[in-house]
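Listed below are the residues making up each chain.
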Amino acid sequence: MSGSHHHDPIEDNIETHPVKLAAGVAIGAAALVVGIILLAQFAVGIYQSRSLKDDPSLKAPDYDESHFTTFANYFKDKSGDLFGVPMEAFIKKEIESLSLAPLSLEKGRVIAVGDGIAEIDGLKNARAMEMVLFHEGEGESLEKAMAKDDALYGLVLNLEEGSVKVVILGNGARVREGMMVTGTGKLLSIPVGDDIVGRVVDPLGVMLDGKGAISADKDMPIERVAYGVMERSAVNFPIHTGIKAIDAMIPIGRGQRELIIGDRATGKTTIAIDAIINQKYEPKESRPICIYVAIGQKESKTARIMRELEERGAMEYTIIVNTSAADPAALQFLAPFAGAAIGEYFMQKGKDALVVYDDLSKHAVAYRQMSLLLRRPPGREAYPGDIFYLHSRLLERAAKLSKELGGGSLTALPIIETQEGDVSAFIPTNVISITDGQIFLEADLFNKGMRPALNVGISVSRVGSSAQTKAMKKVAGKIRLELAQFRELEAFMQFSQDLDEDTKKRIESGRRYTELLKQGQHDTMPFERQVAMIFGANNGLLDGSIVETIKGLEKTFLSFVDQEAKDLLPTVAKERDLSDSTQATLKELIAKFVSTHPTFYIVKQGN
Ligand SMILES: Nc1ncnc2c1ncn2[C@@H]1O[C@H](COP(=O)(O)OP(=O)(O)OP(=O)(O)O)[C@@H](O)[C@H]1O
Ligand SMILES: [Mg+2]
């Protein structure tokens, strides 16, 4: 840069860039025009409300006043009636004029397309979440386009001034500028029927397993408003995962939302799949229909999960909603909603359903990607601002319905992946706050061989214990206490060499309980067997046992009970309680087992 003459940057701007000056003037003028338009609209509003005032239908309210009194009083206290029209009547009129009937089938044109998003001109009455259809043949009728096997749909997401933006639900390369688009007037829904059970579908209801179409009897909307308080009843029945640590200490009720959260490869998916597999122990009449929603997972992982479910006979009552990492973000975004919709179909029939969202971290990423392409403003961690609302709407759909509505339920097990155990990141904190408890898995515990790698200290279930069987309640209190004491002592142990006898005993006992809670993958256990085993631990079965043999001890003891008292465990299962006589019998069996199975116990000195 030469130093010969010096420019004042501001002067430089104004003098040498008349374009910028002109732009400034243009913006000013535009602002003025917008102001005038707004004023005019306001005036028209007043005029219209005046004419509303003369509308005879608004004169005498013929509905139950009580609905509106609180709301209306709020306004009356401040400003009285709205534009001279009674507030209640005004609202009523507005609600009545709101049409939810299918709209006329509007036609539009694609004006821009890219990254799986199409901008469309002409769909003035389009609604958010409405399906639109792309016509590949010029002038093709709606019926004809819809009848095609590979009909190409879009989903309206952004309603903008003069145009709408839709995500293309399929191969975006098939959409061209100038292509015709028809609004279908239908909100996105998924066809569901009883025979969807056992199938693998995509979020739009397309069967992915090559076993042909289902005979759908209902179109379930992908998005719906969750049931209100009056339509629900309290969660009061357990959903058994078959995992001792969870069923005993973090019990999950039918209709509850329990989050499974942890770092990569800590066994999150395994817990959810085990919960599904364990449902085979439930009587057929009350067995929940299970839905596993894979969101952006590796194709090979989901295939393995399907094989495992099939091998264990669990596909008979399970549906897989599959989207892989290779699928468009829009499809991944829709997957959990489709899963919820399928669950609601069964819930509305008075049945119980269990849905696993694996996982909502990937779901948030898909939504972020979609939102950026839709040019929505990014917020914290670049996620769109409404991600919290999106997830809360999804999870709020888990419910236990009232008797009047058939008493069905939808239990949700969302999964969240954390980075280095950080639960304070945006998405984890969001989802923690909209679930009824969390199952925390820790990489540290996992690596130490504690599997499931459950951190019992910070895992909770806020509604679960009221949904625990009486039998489990009777034995679970002690195990929780023992483990809490053990955790405290363990920390203390590191500093102290010589411990008193009582402390030593507690540590020994804590070790054995911890060992008891280890459970292999897919090695689930019906609740009555869990109860018998925990009752045993509480009543001396593990005292003096060799810690490394506890797994074998457990197996042997349970077969021993099966043999010695054939009816005992089936009775616990049926009564869901642990009667005094059952407890007495179990105590006898424990004593007998200990004396007849010395290989599991440390040989005492002098014996
Ligand atoms: N209880 C268990 N006993 C033995 N192995 C287990 C157990 N739970 C999980 N594993 C193993 O640990 C590995 C990780 O499990 P899983 O895939 O369930 O974890 P994840 O947290 O879902 O992982 P990702 O973050 O990749 O989704 C798998 O190889 C699985 O077989
Ligand atoms: Mg997983």
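Keep in mind it's a predicted model, so treat the numbers as computed, not measured. (Residues numbered from 1 in each chain as written. Chains lettered and ligands numbered in written order. Predicted model: local features only at pLDDT ≥ 70, side-chain atom pairs only at ≥ 80, totals over all residues. Heavy atoms only, no water.)

## Examining the packing of aromatic side chains
Each pair of aromatic rings is reported with the distance of its centres and the angle of its planes. Rule in force here: Geometry of aromatic contacts follows a simple scheme: Phe, Tyr and Trp rings, the Trp one being its six-membered ring, pair when their centres are within 6.5 Å, and the pair is stacked under 30 degrees between planes, edge-to-face over 60, tilted otherwise. Note on conventions: DSSP H or I runs of at least 4 residues are helices, E runs of at least 2 residues are strands, and numbering of each starts at the N terminus. When a residue's accessible area, from a 1.4 Å probe over protein chains only, is under 20% of the maximum for its type it is buried; when over 50% it is exposed; and in between it is partly exposed. Only when the NZ atom of a Lys or the CZ atom of an Arg is both within 6 Å of the ring centre and within 35 degrees of the ring normal do we say a charge sits over the ring.
Across all of its chains, the model carries seven aromatic pairs by this definition. Judged by centre distance (5.6 Å) and plane angle (55°), the ring pair of Phe333 and Phe337 falls under tilted. With Phe333 and Phe337 both in helix α9 (residues 329-348), this residue pair falls four residues apart, about one helical turn. Residue classification places Phe333 among the buried positions, given a relative accessible area of 4%. Plain terms: the ring middles of Phe333 and Tyr367 are 5.2 Å apart, the flat faces sit at 15° to each other, and that makes the pair stacked. Of this pair, Phe333 sits in helix α9 while Tyr367 sits in helix α10 (residues 360-373), and the two are 34 residues apart along the sequence. An aromatic cluster of three or more residues is present, and its members are Phe557, Phe560, Phe593 and Phe600. In this arrangement the basic side chain of Arg451 is found over the ring face of Phe446, its NZ or CZ atom lying 3.9 Å from the centre.

## As for the pairing of strand β13 (residues 352-358)
Along a regular strand, successive side chains alternate from one face of the sheet to the other. To keep things clear, this is the line we draw: Whether two strands pair comes down to DSSP finding at least two bridges between them.
A large share of β13 lies buried, amounting to seven of its seven residues. The alternating pattern of β13 places Asp352, Leu354, Val356 and Asp358 and Ala353, Val355 and Tyr357 on opposite faces, both of which are buried. Here six bridges tie strand β11 (residues 289-297) to β13, and the two strands are oriented parallel to one another. Across the sheet, Tyr292 pairs through a bridge with Val356, a residue of β13. Strand direction decides the pairing type here: β13 and strand β15 (residues 409-417), joined by six bridges, are parallel. Within β15, the residue paired with Leu354 across the bridge is Thr411.

## Description of the site of ligand 1
Here is the rule we go by: Working definition: residue near molecule or strand if any one of its non-hydrogen atoms lies within 4 Å of it. Pairs of N or O atoms are called polar contacts if they sit within 3.5 Å, as long as, within protein, a hydrogen donor faces a hydrogen acceptor (for residues adjacent in sequence, only side-chain-to-side-chain pairs). Residue burial considers only the protein chains on display, and all accessible areas are found by Shrake-Rupley using a 1.4 Å probe. Residues are sorted three ways: Asp, Glu, Lys and Arg are charged, Ala, Val, Leu, Ile, Met, Phe, Trp, Tyr, Cys and Pro are nonpolar, and all the rest, Gly among them, are polar.
The environment of ligand 1 is made up of 16 residues, and the closest members are Lys268, Thr269, Thr270, Lys301 and Gln521. Separating an oxygen atom of ligand 1 from a side-chain N or O atom of Thr269 is a distance of 2.7 Å. Contact distances for ligand 1 include 2.7 Å between an oxygen atom and a side-chain N or O atom of Lys301. A total of 630 Å² of accessible area belongs to ligand 1 in isolation, and the protein chains cover 78% of it. Considering every element that reaches the shell around ligand 1, the biggest residue donor is helix α7 (residues 268-278), with three residues. The class makeup of the residues in the shell around ligand 1 is three nonpolar, seven polar and six charged.

## Looking at the sheet that holds strand β4 (residues 152-160)
Consider a sheet: its strands pair through backbone hydrogen bonds, and that pairing is either parallel or antiparallel. Spelled out, the test is: An axis is simply a line fitted to the C-alpha atoms; with a helix, the fit covers only the stretch in contact. Between two such axes, the angle follows the N-to-C directions and lies from 0 to 180 degrees.
Strand order in the closed barrel made by the six strands is β1-β2-β5-β4-β3-β6, with antiparallel pairing throughout. Neighbour-to-neighbour, the strand axes of the sheet open up by a mean angle of 45°, direction not taken into account. As paired strands, strand β3 (residues 130-135) and strand β6 (residues 180-187) are joined by five bridges and run antiparallel to one another. When the bridges of β6 are listed, Val132 appears paired with Gly183.

## What about α7?
Extensive coverage of α7 is indicated by the burial of nine of its eleven residues. When α7 is considered as a whole, its buried residues turn out to be Lys268, Ile271, Ala272, Ile273, Asp274, Ala275, Ile276, Ile277 and Asn278.

## Side note on unusual backbone geometry
Across the junction of Asp358 and Asp359, the peptide omega takes the value -5°, indicating a cis bond. The omega angle of the peptide bond from Arg451 to Pro452 is 0°, so this bond is cis rather than trans. Tracing the sequence through the fold places Pro452 in the loop between α13 (443-447) and β17 (460-461). Look at Met129: it is not a glycine, yet its phi comes out positive at around 70°. A positive phi is found at Arg375, a non-glycine position, where the angle reads about 60°. Residue position: Arg375 is located in the loop between α10 and α11 (387-396). By relative accessible area, Arg375 is classed as exposed at 68%.

## Here we look at the pattern of salt bridges
Definition in use: For this document, the term salt bridge refers to a Lys or Arg side-chain nitrogen within 4 Å of an Asp or Glu carboxyl oxygen.
Under the definition given, this model contains 25 salt bridges. Between Arg393 and Glu223 there is a salt bridge, and its shortest N-O distance comes to 2.5 Å. In this pair, Arg393 is assigned in helix α11 and Glu223 in the loop between β9 (218-221) and α6 (244-249), connecting sequence segments 170 residues apart. Assessed through its relative accessible area of 23%, Arg393 is described here as partly exposed. The exposure class of Glu223 is partly exposed, given its relative accessible area of 23%. Arg529 is paired through a salt bridge with Asp562; the nearest N and O atoms lie 2.8 Å apart. With a gap of 33 residues between them, Arg529 in helix α16 (residues 527-538) and Asp562 in helix α17 (residues 550-564) connect regions that are remote in the sequence. What makes Arg529 partly exposed here is its relative accessible area of 22%. What you see here is one network of salt bridges that share partners, running through Arg232, Arg257, Glu396 and Asp436.

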